[in-house]
Amino acid sequence: MENLEFITGSRELLDFVKPLWENLNRHHGENSKHFSHKFSSLNFEVRKSKFINDENMQVKIDLIKYKDKNEFIGYCISTINVDLTGEIDSLFVDKVYRKYGIGDKLMTRALQWLDDNKVKTKIIGVAEGNENVLEFYERHGFYKRRIILEQVEK
């Protein structure tokens, strides 16, 4: 896909992420067997505040723009905390554009940034119901280290 443009920045790009993040959140809600109610109560402004309010956190945002339609089709937010833990915090590619290697490009760029900043550990959280992405992350060297269970409210 030659009509793709990468836009890289930091917190100033968060508002461009919003519609894509909302699609990801909706996807998580639809696919979560036990916690869909938690996703329906999330909103972007609360999520955004995590990145805005922590001045000690480094934030990198890669957006992918499809030039022909002048629309954003994917993003990756990577963070580094004060302990030098790097996290692929949020990654999403619009369903129509999956299978073109866009997610791999986003991951490669994020991992390079984490390496350039000499993080000690790299992590990714995967929501329950979204386990189908595990193979994708394994291709980039990420494997299950621990599983955290949460009691479902009755």
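Data block above holds the structure.
One structure accompanies this document, and this report is about it. Just so you know, these numbers come straight off a predicted model, no measurement behind them.

Re helix α3 (residues 44-53)
Then, in step 1: Restricting attention to buried positions, one finds in α3 the residues Phe44, Lys48 and Phe51. Projected onto a plane normal to the axis of α3, the buried residues spread over an arc of 55° and lie on a single side. The outward face of α3, more than 90 degrees from its buried face, is lined by the exposed residues Val46 and Asn53.
Then, in step 2: Of the residues that open α3, the one with a side-chain oxygen 3.0 Å from the backbone nitrogen of Glu45 is Asn43.

A look at helix α4 (residues 102-116)
Then, in step 1: Between its first and last C-alpha, α4 extends 21 Å over 15 residues, near the 21 Å set by a 1.5 Å rise per residue.
Then, in step 2: Every buried residue of α4 is accounted for by Ile102, Gly103, Leu106, Met107, Ala110, Leu111, Trp113 and Leu114. The buried side chains of α4 occupy one side of the element, clustering within an arc of 165° when seen end-on.
Then, in step 3: Contact partners of the buried residues in α4: β1 (4-9), β2 (58-66), β3 (71-80), β4 (85-93), β5 (121-124) and α5 (134-139).
Then, in step 4: Immediately downstream of α4, the backbone of Lys118 shows phi near 55°, a positive value.

Quick notes on the rules
- Residues numbered from 1 in each chain as written.
- Predicted model: local features only at pLDDT ≥ 70, side-chain atom pairs only at ≥ 80, totals over all residues.
- Heavy atoms only, no water.
- Buried < 20%, exposed > 50% of the residue type's maximum accessible area, 1.4 Å probe, protein only.
- Helix = DSSP H or I, 4+ residues; strand = E, 2+ residues; numbered from the N terminus.
- Arc of directions from axis to C-beta.
- Polar contact = N/O pair within 3.5 Å; in protein donor to acceptor, adjacent residues only side chain to side chain.
- Expected span 1.5 Å × (residues − 1).
- Contact = heavy atoms within 4.5 Å.

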